Structure formats: structure tokens, C-alpha cells
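# Observations on the model geometry
Spelled out from the first residue to the last, the chains are:
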Amino acid sequence: FRLIHFGVKELTILIVGMNFTGGLIDMLVFFTIDAFDQKKYIRIIEAKKKGTMDEKEIQTLIKDELSGTIADIIDAESERKVIDQLMNSDLEPADQILSERRNMFYNAFFCFLLTMFTVIPVILPLLLISDFRTALFYSAGFASIMLFFVGYYVAPYFGQNRWLVGIGTLTFAGVITLLATFTGG
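Everything in this summary refers to the structure shown in the same document. (Residues numbered from 1 in each chain as written. Predicted model: local features only at pLDDT ≥ 70, side-chain atom pairs only at ≥ 80, totals over all residues. Heavy atoms only, no water.)

With that out of the way, let us pick up a nonpolar patch on the surface. A contiguous nonpolar patch, built from Phe137, Tyr138, Phe142, Ile145, Phe149 and Tyr153 and spanning about 670 Å² of accessible area, is present on the exposed surface. On the secondary structure map, Ile145 appears in helix α6 (residues 132-158). What makes Ile145 partly exposed here is its relative accessible area of 47%. (Patch = residues over 30% accessible without salt bridge, like charges linked within 9 Å, V, L, I, M, F, W, Y side chains within 5 Å. Areas by Shrake-Rupley, 256 points an atom, 1.4 Å probe, with all protein chains shown as cover. Salt bridge = Lys/Arg side-chain N within 4 Å of Asp/Glu carboxyl O. Helix = DSSP H or I, 4+ residues; strand = E, 2+ residues; numbered from the N terminus. Buried < 20%, exposed > 50% of the residue type's maximum accessible area, 1.4 Å probe, protein only.)

Quick look at the pattern of salt bridges now. Summed over all chains, the structure comprises seven salt bridges. Between Lys40 and Asp37 there is a salt bridge; the shortest N-O distance is 3.6 Å. Of this pair, Lys40 and Asp37 both sit in helix α1 (residues 8-50), three residues apart, roughly one helical turn. Since its relative accessible area comes to 24%, Asp37 is described here as partly exposed. Each of Asp37, Lys40 and Glu65 takes part in a single network of salt bridges with overlapping partners.

The next thing to look at is the layout of surface pockets. Estimated volume of the second largest pocket: approximately 340 Å³. Contributing to the lining of the second largest pocket are 15 residues, with Tyr41, Ile42, Ile45, Leu86 and Leu91 lying nearest its centre. Among the elements of the structure, α1, α2 (55-66) and α4 (94-117) are those that each provide at least two residues to the lining of the second largest pocket. Here the lining of the second largest pocket takes five residues from α1, the largest share from any one element. Considered class by class, the residues forming the lining of the second largest pocket number nine nonpolar, two polar and four charged. (1 Å grid on protein atoms, 1.4 Å probe; cavity = no way out; pocket = protein on both sides within 12 Å on 5 of 7 lines; lining within 4 Å. Points joined across faces, edges and corners; volume = space filled by probe spheres on them. Nonpolar A, V, L, I, M, F, W, Y, C, P; charged D, E, K, R; others polar.)

Each full turn of the α-helix corresponds to 3.6 residues, which orients residues three or four apart in the same direction. An ideal rise of 1.5 Å per residue puts 32 Å on 22 residues; helix α7 (residues 162-183) measures up with 31 Å between its terminal C-alpha atoms. Within α7, burial applies to Val165, Gly166 and Ala173. The arc that holds every buried residue of α7, seen down its axis, measures 105°, which confines them to one face. Among the exposed residues of α7, those pointing more than 90 degrees away from its buried face are Trp163, Leu164, Leu179, Phe182 and Thr183. In this fold, the buried residues of α7 make contact with α6. Looking at where α7 begins, the residue whose side-chain oxygen comes 2.8 Å from the main-chain nitrogen of Trp163 is Asn161. (Expected span 1.5 Å × (residues − 1). Arc of directions from axis to C-beta. Contact = heavy atoms within 4.5 Å. Polar contact = N/O pair within 3.5 Å; in protein donor to acceptor, adjacent residues only side chain to side chain.)

Take a look at the structure:
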């Protein structure tokens, strides 16, 4: 669209910088949410053991925390049993809780690394092909192939056709890219 007026060096720095920033933000958000959730769960279980909160209130909190999980599709009696079981559970040892928090950080850091590794196939054409337009064509092609396969491999989690989700992911990303390009994002 002739909206970008960068050379290879500037575009490579821009791509790496955007992935670094996006990956770092994701890492921090993922870890923070997981750690806060874990602390909230600990407070709920401790409230029952210490008697600092009404039992009905604790049941409501646990039920709310189960929202968006498999508990949403089980019958009411089974859900009540799960809630009762959780209310009567003990916390795992502190060292195991800390170990799980470390694993949360490692998982978040791994997401950051994956984000950074996706840069390689996108910038390699820019670094190896002298014709800028051709390099951009290959770079966009590699990015498109990666986006297709992201959709292709996550499709079973949605219970959908792999090809349709792959093409849908690619199309959705293309639309977002065009919107970002024209709005200066």
C-alpha cells in the first residue's frame, strides 16, 4: 500500500522490537493473572479453615471461580458436590505452592520466547534477500503460513475443522493488519 517507508534495517528493528514488547507484556500479564488467581484461591480456602467468612459466601466464591470451567456443563447436584469437596480441602504445602508459582513464571517466560522465535522466519527474508519488495513478499508469506498453522493446530480445542480455523485465523489476522496499517497502529 506504500504506507511503509522503511529500509531493511529499520523494518527489522521494528519487527523485533514489536515482538519483544508484545511478548514481554504477555509474559507479565500471564504471570500476574496466574499469581493473583492462585493467591485468591488460597484466601478462599484459608477463609473456610479460619472461619473468617460465612460458609454461603465461600460457596458463592468457589462457584464463581468454577465459572468458565467444566463445572458449567455438569448437573447442579454434581457441581454442589465439587464445591463441597473444595470447601473441605486443605491447602498443599507452601513449598509446593511456591513451586507452582515458579512454574507459572516459566510458562509465561516460555510464551515470551515463543513470541521472539516467531520473528526469525519473518526477518530472515529481509536479511537475506537484497530486493526489498521480494523480501517483504517472502516475509509476509512466512508469517501467513505460521498464522495458518496456529489456527490449524488449535482447531481441535474448538471442536472445529482444522482447515477452516486455519484459514479463519489467517483472514482475521489479515483484517487486523490492514486496520492497523491504515490507522497507524
